[in-house]
Amino acid sequence: MSEVVATKQSVSFILDGKEVTGYRGETIIQVADREGVYIPRFCYHERLSVAANCRMCLVQVNDGKKTLPACHAQISQDMVVNTQSSTTRQSQQSVMEFLLINHPLDCPICDQGGQCDLQDLAMGFGKGVSRYEDTKRVVKDEDLGPLVSADMTRCIHCTRCVRFGTEISGIPDLGALGRGEDMRILSYLKTGLNSEVSGNVIDLCPVGALTSKPHRYRGRSWSFTNHAYYSAHDCLQSHVYVHTYKNGIDGQDAVMRVVPRQCDSINQIWLSDRDRFSYLGLQHRDRLTHPMIRDGKSWRVVDWETALTLVSEKIQSVIKDHGPEQIGALISPSTSLEEGFIGQKLLHTLGCRNMDYRLHQRDTDYMDSAVHTLPQEFLSFEQLDNSQCVVLVGSYIRHEQPIAGLRLRAASLKGTRVLSINPIAHAWNFHCEEEVVVAGQDFVQFLGACVVSLANFGAIELSDRWRERLIHIDSSTQSDRFAKYLMQSDGYLLLGQYAQSHPHASAIYKLCSLISSVTQMRLVMMTPGTNSTGLHAIGYGPCHRVDSVNMSTGESSYQMIDRPKQLYLLQQVEPEIDHYDPALARAALTRAQTVVAITSFTSPEMLEYADILLPAAAWTEFSGSWVNITGEINTFQAIKPLHGQSKSAWKIYRVLANLLKCEGFTYHDISELRADIPLLSSGCLDESIDGEVDLSPPLPRQLADQVVGSELTRIGELGHYQMDTLVRRCDPLQRPADKVIAKIHPDTVRRLGFDDPGNDVVVSLKQGQNVISCPLLTDKTIAKGAVYCPVICHGDSQLSGRNDAIEILFSEDDQ
Ligand code: SF4
Ligand code: FES
């Protein structure tokens, strides 16, 4: 990595005849870049360590006959650097000639053409002719998987891709074998690229050796239009450029690729594979192009007026016959502020309070009681970089927010201690100082034990009510060690997917809040979807602020499914995957009188339970605003035409409101709608929300419950390439590994009275009436007393609550 200058001691020297100032420890190329003097380079990259192996950056120093690599040579007082002298030019031309000896002249068929450093530098710094007449080296290509295409004959051995793996991602998928002309860049174990951020090597490779496989041969960079946008798959909202191309078929702009847009406070120059490749889902065969209504067992394409009139009739009929409380709205956590605001306003006007975006959660009490405030702090990556300690509470940050995972790894390399409390001993790409692997009620109890340890060390004075709740919980050696870190450090408690979707999420949250309130550890929930924070901030949810004190309550996403409704309104969700209890959700939707889906995609399951399908604009096709985990409000404009007859969701709500004769919905354009949203008109989250988090203890039994006998709890995570409707339709991201395989700790199998079944057994997993069969592997990384069984995204069978109790049925032969 570019060396950070510890002592800011000034150094003056002459650069191309001009006196410039740098700092001791800086290299010539760093100062030259700052001064706007370009020095050609291949292996040097400001975010990677200095390899100095390509020699392209040679410059003349102090009129010497030999040139020095500017990326490696440090500046010194009164040195004279000449980047334009004939000696410098000759060195650079010689290096270029040397590099081109083995590089194929295949620019016309190379995807890097037009954006290739080698092509550019050969034009700017090459000789124009080569004296080499022998045969060129040919290297066998590597199969690096479905995302990155490898043409290794083009490789110039700069090792940027190798250094990215060892230094940035921490997953050394690629390495170098051999020396000199025999040197090869390859995947040592022939496993291809498997990290969640593997696509970054495409940007780093200065030649056409590593290119985007899905984008291969699909267009030239100079014919694309560049749009600044935000990615939509996690709460970071990484900054991206979306490249569109006016294709010749229908003359409409199509998204051709997505690349990172530099933003030092969020994604720096990196992008997760999910953010980079999920645009491929936009053209998926599941895209809904026209409004459709159910006609018996078949579907009929209709016009918008017919579809929306039918929706309004159905809503009126349910309100008349059953009351507005028989309507339930389930929306995606990536819903924009504008869509959430107008949808909420419509439901409130109709007298309905049942609305939620927290589909993955069962216990939402702690958030509902924090309706007047944000139940967490914002994350600052600058503070994270300098934190002494970060505790991951039920978070596999690498998969849930891959860019935050990269930033945590960078902080860890600088000295931040990372502690983890998770149901799985995850494959971290950083050193984990302390790791506790517990699931189910043990998870809550360990956090309780940490509080008891803090109390024993005198860091916290527990109230009588808290003492009563924690009476059955003892500290342990491990909780004592955690408590010591918590007391002595500042940093973050990051609550991830498992913590938030735990059946006792309120207890977890309140214990973490209590710890946060007596230590220097800030509590941040790494929320799912893009805009959970924004939707909470505008009050979207069953608990609605009536005024600064009072609130009215409806039902949460879990309650809406647990107590089935007559009419469901879905927006960009597939509850049979997204809901905490997929089986229960599917049953409720199938039983409902009417299901209206505002959606970009259909699925076989949706075509069974839905009655009216309204095509909605997908990512890049609508304008809106999101709030990210750092508290920034990101407003963006649509950059791609609507697909088929789809419409922006906020317009669908507006027309529906007019058909239902609701007043106050005369928004002519999105700017009028934005003016009605206090958060957007003030532009400041703090002015919209000013309450306090409820820190009263959770119910006593939530902390004292024990997992008894042979009861097992499920770890039902949603795969990182299944997080939303778009990414799960990006075919290259769907790997065989995403197929359902259950895992269990071998000790748990023995505790149940069975022999270790080995790795070839198929078992039945049962939750209530729901049973599935799948292979079972024994795996020591899984918490004891738990069964890892991810959410199933395909097929008819589905289990129930993600993290609820589960039974495992072995065949008698296994006993
Ligand atoms: S594949 Fe590209 S990034 Fe990797 S060493 Fe070769 S030229 Fe450099
Ligand atoms: S850029 Fe300096 S040696 Fe490669």
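Cut-offs applied
- Residues numbered from 1 in each chain as written.
- Chains lettered and ligands numbered in written order.
- Predicted model: local features only at pLDDT ≥ 70, side-chain atom pairs only at ≥ 80, totals over all residues.
- Heavy atoms only, no water.
- Salt bridge = Lys/Arg side-chain N within 4 Å of Asp/Glu carboxyl O.
- Helix = DSSP H or I, 4+ residues; strand = E, 2+ residues; numbered from the N terminus.
- Buried < 20%, exposed > 50% of the residue type's maximum accessible area, 1.4 Å probe, protein only.
- Axes fitted to C-alpha atoms, helices over the stretch in contact; angles between N-to-C directions.
- Parallel < 35°, antiparallel > 145°, perpendicular 65-115°, else oblique.
- Left-handed = near helix turned anticlockwise from the far one by under 90°.
- Contact = heavy atoms within 4.5 Å.
- Nonpolar A, V, L, I, M, F, W, Y, C, P; charged D, E, K, R; others polar.
- Near = heavy atom within 4 Å.
- Domains from an automatic or database assignment.
- Core = buried A, V, L, I, M, F, W, Y, C linked by side-chain atoms within 4.5 Å.
- Phe/Tyr/Trp six-rings, centres within 6.5 Å; stacked < 30°, edge-to-face > 60°.
- Lys NZ or Arg CZ within 6 Å of the ring centre and 35° of its normal.
- Polar contact = N/O pair within 3.5 Å; in protein donor to acceptor, adjacent residues only side chain to side chain.

A. Looking closely at the pattern of salt bridges. Inspection of every chain in the model, using the stated rule, returns 37 salt bridges. In this structure, arginine 362 and aspartate 804 form a salt bridge, with 2.8 Å as the shortest nitrogen-oxygen distance. Placement of arginine 362 in the loop between β16 (355–356) and α9 (365–368) and of aspartate 804 in the loop between β33 (786–788) and β34 (805–809) is noted, with a sequence separation of 442 residues between them. A relative accessible area of 15% means that aspartate 804 is categorised as buried. When salt bridges with common partners are traced through the structure, they connect Asp286, Glu574, Asp578, Arg728 and Arg729 into a single cluster.

B. The packing of helix α8 (residues 337–349) against helix α23 (residues 649–659), seen in detail. At a closest axis distance of 8 Å, the pairing of α8 and α23 adopts a crossing angle of 20°. The angle between α8 and α23 places the two elements in the roughly parallel class. Considering only the axes of α8 and α23, their crossing is left-handed. Of α23, the residues touching α8 (which contributes Glu338, Glu339, Ile342, Gly343 and Leu346) are Ala649, Trp650, Tyr653, Arg654, Leu656 and Ala657. Per-class residue counts for the contact of α8 with α23 are seven nonpolar, one polar and three charged.

C. Representation of the site of ligand 1 within the structure. Contacts to ligand 1 come from 13 residues, most closely from Cys155, Cys158, Thr159, Cys161 and Cys205. Here the residues of the shell around ligand 1 sort into 11 nonpolar, two polar and no charged.

D. Fine view of the domain arrangement of the protein chain. Domain annotation for the protein chain reports domain 1 (10–102), domain 2 (119–212), domain 3 (224–283), domain 4 (302–372 + 534–688), domain 5 (381–525) and domain 6 (707–814). One C-alpha centre belongs to domain 2, the other to domain 4; they are set 47 Å apart.

E. Structural context of the nonpolar core. Membership of the largest hydrophobic core comes to 97 residues, with the highest contact counts inside it found for Val391, Val393 and Leu614. In terms of residues, this core owes the most to one element, helix α13 (residues 441–456), which gives 10 residues. In this structure, valine 391 is in contact with Leu419, Ile421, Phe482, Leu486, Tyr492, Leu493, Leu494 and Met521, ignoring residues within four places of it in sequence. In terms of nonpolar packing, the next biggest core, distinct from the first, is built from 71 residues, Ile202, Ile269, Trp428 and Phe430 among them.

F. Representation of the packing of aromatic side chains. Counted by the stated rule, this structure contains 16 aromatic pairs. Arranged with centres 6.3 Å apart and planes meeting at 45°, the rings of tyrosine 38 and phenylalanine 125 form a pair that is tilted. Residue tyrosine 38 is located in the loop between α1 (28–35) and β3 (58–61), and its partner phenylalanine 125 is located in helix α3 (residues 117–125); the two are separated by 87 residues in the primary sequence. Under the relative-accessibility criterion, phenylalanine 125 is labelled buried at 14%. Summarising the aromatic geometry, the rings of tyrosine 229 and phenylalanine 636 are spaced 5.1 Å apart at their centres and angled 65° between planes, so their arrangement reads as edge-to-face. Linking tyrosine 229 in strand β10 (residues 225–230) with phenylalanine 636 in strand β28 (residues 633–636), this pair joins segments that are 407 residues apart in sequence. Over the ring of tyrosine 357 we find arginine 358, and its NZ or CZ is 5.9 Å from the ring centre. The ring of tyrosine 492 is capped by arginine 522, whose NZ or CZ atom sits 4.8 Å from the centre of that ring.

G. The packing of α13 against helix α15 (residues 477–488), seen in detail. Running from N to C, α13 and α15 cross one another at 65°; their axes reach a closest spacing of 8 Å. Here the hand of the crossing between α13 and α15 comes out right-handed. Contacts between α13 and α15 involve Phe446, Ala449, Cys450, Ser453 and Leu454 from the first element and Gln478, Ser479, Asp480, Phe482, Ala483 and Met487 from the second. Taken together, the residues of the contact of α13 with α15 sort by class into seven nonpolar, three polar and one charged.

H. Local environment of the side chain of glutamine 237. Within the element layout of this structure, glutamine 237 appears in the loop between β10 and β11 (239–246). At 3.0 Å, the side chain of glutamine 237 and the backbone oxygen of valine 627 are in polar contact. Polar contacts involving the side chain of glutamine 237 include one to the side chain of asparagine 634, which spans 2.8 Å. Excluding anything up to four places from it in sequence, glutamine 237 contacts Tyr230, Ser231, Thr530, Trp626, Val627, Asn628 and Asn634.

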